[in-house]
Amino acid sequence: MTDKNITSLTIRQPDDWHLHLRDGAMLQAVLPETTRHFGRAIIMPNLVPPVVTAQQATAYRDRIMAALPDGSHFQPLMTLYLTEDTDPEDVAAAHAAGIATAVKLYPAGATTNSASGVSDFTKVRPVLEKMAEIGMPLCVHGEVTNSEIDIFDREAVFIDKVLKPLRKKTPDLKVVMEHVTTQDAVDYVRDSSKNLAATITTHHLIINRNHILAGGIKPHYYCLPVAKRELHRVALVQAAISGDKRFFLGTDSAPHTDPAKLQACGCAGCFTATNTMSCLAEVFDAAGALSKLEAFASLNGPRYYGLDANDRTITLTKGDAVQYPSHIDTQDGPVTVFEPGFDLHWSVKVNA
Ligand code: DOR
Ligand code: ZN
């Protein structure tokens, strides 16, 4: 049977290697959208104030566990927000105690709540050296922040100006380039021999910059890194469907309320938690590559993080258009669910 004829597919339960859950009422409302299908997720630490210390990560994990739907087996994998004052010993202790799975690097000013991020990379060298020593991965938001660099070039410039020198200085550091959006990033990961992998979001596999800007501005498609031109989207799809173990799913599902998105200076983020697996099945099906979906969504991520794949499985079934809500209600206001621009035909069931 070729991939084109597949109408039912059972794969290991997927994980999300880059997720924003926020806190409080928003956490409560969006968490079930992820736990419905996913076994684990890497939880982003860009709260206000950010999750910097082991103690803060423990408290945040406790709040997530308390918000879990009844009977959920979901496991949050916590990250620490890297600042210029981060203590290498606190990071090492959090890792050893199983509190923190990875550290997150935001260049200062790159995106939502990144003001406490890193400006002077020499200041974080001791932390990076310690992480290399203990085998703790660094998740990187790979965009330079210089205002004179064109926003569509910021990822490619980051690779040359920041990531290459950083990895040369600390070759044993395990790096995840997150939410890659360019052919340049795909090539860079493919050309590396070790200690580099990349996550790809659902929305960057589906939209290019025309979707945001042509025929009227679409704030719900605005995220960071911003979607690039079509050739880059195609490169991302090729990487995702390749089976290459260095590419895996990180949705970067990032809820903002509609009032926060729909204003003169709207927030960056696409909320894809609700329909990601159906969207991905559609993308992989269209590419004739459904047999590679499991590697991308369920196998490559845990392998890079040194974890086992989930024991549970999910079954995707092709049929009539799948219904999903246009938005999620939260006590802070509605959050619009990512609209891929085509019908979704794959329903998802988690097997007992
Ligand atoms: O679009 C984005 N939204 N990109 C990020 O890097 C952060 C995220 C958020 O936290 O809203
Ligand atoms: Zn993110």
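A quick note: this is a predicted structure, and the numbers were derived from the prediction, not measured. (Residues numbered from 1 in each chain as written. Chains lettered and ligands numbered in written order. Predicted model: local features only at pLDDT ≥ 70, side-chain atom pairs only at ≥ 80, totals over all residues. Heavy atoms only, no water.)

What follows concerns the overall build of the protein chain. What the protein chain contains, in helices and strands, is eleven helices and 13 strands. For 352 residues, the compact-globule estimate of 2.2 N^0.38 gives 20 Å, and the protein chain sits close to it at 19 Å. In terms of overall dimensions, the protein chain has C-alpha extents of about 55 × 45 × 45 Å along its principal axes. Every one of the 352 residues in the protein chain was classed for burial, and the buried ones make up 57%. The contacts of the protein chain with a sequence gap of at least 6 include a subset with a gap of at least 24, amounting to 75%. Here the protein chain contributes 33 positively and 40 negatively charged side chains, and the mean placements of these two sets differ by 5 Å. (Helix = DSSP H or I, 4+ residues; strand = E, 2+ residues; numbered from the N terminus. Rg over C-alpha atoms; globule rule 2.2 N^0.38 Å. Buried < 20%, exposed > 50% of the residue type's maximum accessible area, 1.4 Å probe, protein only. Contact = heavy atoms within 4.5 Å. Lys, Arg positive; Asp, Glu negative; His and termini not counted. Charge placed at Lys NZ, Arg CZ, Asp CG, Glu CD.)

If you look at the biggest cluster of nonpolar residues, it comprises 95 residues, and the most contacted ones within it are Leu205 and Leu316. In terms of residue count, helix 10 (residues 276-286) provides more of this core than any other element does, six residues in total. When near neighbours in sequence (up to four residues on either side) are disregarded, Leu316 contacts Thr7, Ser8, Leu9, Ile11, Met277, Ala281, Leu293, Trp346, Ser347 and Val348. Membership of the second largest hydrophobic core comes to 14 residues, among which are Ile42, Tyr81, Phe248 and Tyr305. (Core = buried A, V, L, I, M, F, W, Y, C linked by side-chain atoms within 4.5 Å.)

All right, on to the coordination of the zinc ion (ligand 2) then. The coordination sphere of the zinc ion (ligand 2), as far as protein atoms go, consists of His18 (NE2), His20 (NE2) and Asp252 (OD), spread over 2.0 to 2.1 Å. Each donor residue of the zinc ion (ligand 2) belongs to the same chain, and together they define the spacing H-x1-H-x231-D. Highlighted residues: His20 in the loop between strand 2 (16-19) and helix 1 (24-35) and Asp252 in the loop between strand 9 (247-249) and helix 9 (258-261), separated in sequence by 232 residues. Each member of the pair, His20 together with Asp252, is buried. (Donors = N, O, S within 2.8 Å, 3.2 Å for Na, K, Ca; no water.)

A word on the pairing of strand 3 (residues 40-43). Successive residues of a regular strand alternate their side chains across the two faces of the sheet. Because side chains alternate across strand 3, one face comprises the buried residues Arg40 and Ile42, and the other comprises Ala41 and Ile43, equally buried. By the bridge criterion, two bridges tie strand 2 to strand 3 in an arrangement that is parallel. Among the inter-strand pairings, Asp16 is bridged to a residue of strand 3, identified as Ala41. Once you follow strand 2 into helix 1 and on to strand 3, the crossover reads as right-handed. Taken together, the four bridges between strand 3 and strand 4 (residues 75-81) define a ladder with parallel strand orientation. Each bridged residue has a counterpart across the sheet, and for Ile43 the counterpart in strand 4 is Met78. With helix 2 (residues 54-67) bridging strand 3 and the parallel strand 4, this β-α-β connection has right-handed handedness. (Pairing = 2+ DSSP bridges. Right-handed = clockwise from strand over helix to strand, strands pointing away.)

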